[in-house]
Amino acid sequence: MNKMPHPLISLIPLITLIGLISASIWMFGSDALLGSSQISLLFSTALCIVISTGIYKYPWKAFEEEVAKTIGNTAIAIIILLLIGMLSASWMLSGIVPTLIYHGIHIISPKFFLFMTCLICALVSVMTGSSWTTIATIGVALMGMGEALGISVAWTAGAIISGAYFGDKISPLSDTTILASSSAGTELFTHIRYMLFTTIPSFTITLIIFFIAGLALSGNGETHVTEYTSHLASTFNISLWTLIIPIITAILILKKVPSPVTLFASSLMCAVCALILQRDILFTIAGDHNSLSLLKGIIIMFSTSTTLDTGSQAVNDLVATNGMSGMLNTVWLIVCAMIFGSVMVASQMLQSITMTILKYVRSTLGLVSSTIGSGLLMNIATGDQFLSIIITANMYKKAYKDMNLENRLLSRTTEDGVTVTSVLIPWNTCGLTQSTVLGVSTLSYLPFCFFNYISPLMSILIASTGWKIYHTDKNMAKK
């Protein structure tokens, strides 16, 4: 084992990254994802390696092995990301999203739209166990409804993400829920029940905020509704038959069919739906009407950008898709983020920072607050929520044991600090994915993701009261 870097030295690559990313966003805005953010991550990675090899004599092989392991573990997530690009385009051009928007904006009142959006996404995410799938499917449809009703896209995205991450956090089908409980050594349903003490109050406050905001923000939707419904109906074959596909997709998810299989199967069903109901759309995007045009249209729908002339620029922007190619910049950034995170782990710089924090922890409140802060730091440094959950849980496991605290407090705090905050980091896999899918930059929707920053604050607040904090020594338990 090489000597662990000094904490102040360990902070240098992290501070450099934050500074470079901030400068990139300031200079390029949303275009920072097109290259400058990736360069920032690679430069910070190089700095970490130079310090580690030059001062602490870490071997190059250590970085190679950690990078290879991390990128390998991320492969499935990248595949899912590409399939989500295919799926979101397929749901749009097959008529599913236009049909949901067409009928949904007549059913949901603008005054209750944000409230209902958050609640619908929460229910779907609990059933599916996936915030990514929820946002890429029903979330995209709700974004369209919000635009048609004249609701700010940032507010709508915040409501979608708040609801989706509520479900992702407490669903027994969720990868993050299972990972957090297993990493901390907590039985799954014990972990879920214990999370309710922080999650339900946080979500209740979130719903109240969106309810009040909806009353204040609504009022200019009628013109938008008419414009959207007329142009959607003239471009797409609006049919309730298209909704069979979301139902079958939900069944596949509930049957625990692997995510890549479910996403690909749903996309193929959309292709069949488009062949039956949206042939004119396929001819349009193919650019001709010969015998191979329909097949060509499906391939274009899956793989690359498409635009349609609906007669309204607002509706044109809504129905434009990017397919799998639209995810390539995100994949590029994810790979760079994974490289930076793995190098920070291999150099023991992240461990050094966390161990320094633990030296000053003297109480349950301090431990919970440190876990929350470290989880957020890991999301910033590693760019991946799964890696952040594993690192945070394992680094704090001994500290919770030494203070006679049950593992369920560690698993709950890890979820409160990592799962819900990952989507707030522009270069994190979650922040990147959701901003790409919804078409709203991370910094634009961040202020409106109320659930995502109320949750960690609620965790700290409840820890400060000592309510439902259980100890392994029953004589110390505070109930």
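Remember, predicted model here, so these are calculated numbers, not experimental data.

A. Quick look at the overall build of the protein. From N to C terminus, the protein includes 23 helices and zero strands. Compactness check: the protein gives a C-alpha radius of gyration of 23 Å against a globular reference of 23 Å for 479 residues, within 12% of the reference. Taken along its principal axes, the extent of the C-alpha atoms in the protein is 65 × 50 × 40 Å. For the protein, buried positions account for 56% of its 479 residues. A fraction of 78% describes how many contacts in the protein between residues 6 or more apart in sequence connect residues 24 or more apart. In the structure as shown, the protein presents an accessible area of about 19,100 Å², 68% of it carried by carbon and sulfur atoms.

B. Representation of the side chain of Thr433. Mapped onto the secondary structure, Thr433 falls in helix α21 (residues 429-438). A relative accessible area of 1% places Thr433 in the buried class. Filtering out sequence-adjacent residues up to four positions away, Thr433 remains in contact with Leu81, Trp132 and Thr330.

C. Spotlight on a nonpolar patch on the surface. The grouping of Phe112, Ile208, Phe211, Ile212 and Leu215 at the surface amounts to a nonpolar patch, some 450 Å² of accessible area in total. In this fold, Ile208 is placed in helix α9 (residues 188-217). Overall, Ile208 belongs to the partly exposed group, its relative accessible area being 46%.

D. Layout of the confidence of the model for the protein. Mean pLDDT over the protein works out to 84, with 94% of the residues at or above the 70 mark. Scored below 50 in pLDDT, residues 475-479 makes nine contacts in the model with residues more than four places away or belonging to other chains.

E. Just the pattern of salt bridges, in detail. Per the counting criterion, the structure on display carries five salt bridges. The shortest N-O distance in the salt bridge between Glu66 and Lys69 comes to 3.7 Å. You can see Glu66 and its partner Lys69 sitting in helix α3 (residues 60-93), three residues apart, about one turn around the helix. For Lys169, the salt bridge goes to Asp416, with nearest N and O atoms at 2.3 Å. In this pair, Lys169 sits in helix α7 (residues 153-170) while Asp416 sits in helix α20 (residues 407-419), placing the two residues 247 residues apart along the sequence.

F. Inspection of the environment of Leu232 at higher detail. Along the chain, Leu232 falls in helix α10 (residues 221-235). Leu232 gets classed as buried once you look at its relative accessible area, which sits at 1%. Once the C-alpha coordinates of Leu232 and Thr45 are considered, the two residues, 187 residues apart in sequence, prove to be 47 Å apart. Discounting residues that sit within four places of it in the chain, Leu232 has contacts with Pro98, Ile101, Ile238, Val315 and Val319.

G. Here's a closer look at the packing of aromatic side chains. For the coordinates displayed, the defined rule picks out 14 aromatic pairs. Taken together, a centroid distance of 6.4 Å and an interplanar angle of 40° make the contact between Tyr58 and Phe63 tilted. A relative accessible area of 6% means that Tyr58 is categorised as buried. Here Phe63 falls in the buried class, since its relative accessible area comes to 2%. An aromatic cluster is built from Trp155, Phe210, Phe448, Phe450 and Tyr453, whose rings are joined through pairwise contacts. For Arg408, the ring lying beneath its charged end belongs to Tyr194, and the centroid distance is 5.2 Å. In this structure, Arg412 is placed above the aromatic ring of Tyr194, and the distance from its NZ or CZ to the ring centre is 4.1 Å.

H. Highlighting the packing of helix α2 (residues 36-54) against helix α16 (residues 328-346). Where α2 contacts α16, the axes come no closer than 9 Å and their chain directions differ by 15°. As far as their axial angle goes, α16 and α2 are roughly parallel. Like other packed secondary-structure pairs, α2 and α16 cross with a definite hand, here left-handed. Where α2 approaches α16, its residues Ser37, Gln38, Leu41, Leu42, Ser44, Thr45, Cys48 and Ile49 are matched on the opposing element by Asn329, Trp332, Leu333, Cys336, Ala337, Ile339, Phe340, Val343 and Met344. For the contact of α2 with α16, the per-class residue count stands at twelve nonpolar, five polar and no charged.

I. Highlighting the packing of helix α1 (residues 7-28) against helix α17 (residues 349-358). At a minimum axis separation of 8 Å, α1 and α17 run at an interaxial angle of 125°. Taken as axis vectors, α1 and α17 run oblique relative to one another. As α1 packs across α17, the resulting crossing turns out to be left-handed. Along the contact surface, α1 presents Pro7, Ser10, Leu11, Pro13 and Leu14, while α17 presents Met349, Ser352, Ile353 and Thr356.

About the criteria used
Residues numbered from 1 in each chain as written. Predicted model: local features only at pLDDT ≥ 70, side-chain atom pairs only at ≥ 80, totals over all residues. Heavy atoms only, no water. Helix = DSSP H or I, 4+ residues; strand = E, 2+ residues; numbered from the N terminus. Rg over C-alpha atoms; globule rule 2.2 N^0.38 Å. Buried < 20%, exposed > 50% of the residue type's maximum accessible area, 1.4 Å probe, protein only. Contact = heavy atoms within 4.5 Å. Areas by Shrake-Rupley, 256 points an atom, 1.4 Å probe, with all protein chains shown as cover. Patch = residues over 30% accessible without salt bridge, like charges linked within 9 Å, V, L, I, M, F, W, Y side chains within 5 Å. Salt bridge = Lys/Arg side-chain N within 4 Å of Asp/Glu carboxyl O. pLDDT = per-residue confidence, 0-100. Phe/Tyr/Trp six-rings, centres within 6.5 Å; stacked < 30°, edge-to-face > 60°. Lys NZ or Arg CZ within 6 Å of the ring centre and 35° of its normal. Axes fitted to C-alpha atoms, helices over the stretch in contact; angles between N-to-C directions. Parallel < 35°, antiparallel > 145°, perpendicular 65-115°, else oblique. Left-handed = near helix turned anticlockwise from the far one by under 90°. Nonpolar A, V, L, I, M, F, W, Y, C, P; charged D, E, K, R; others polar.

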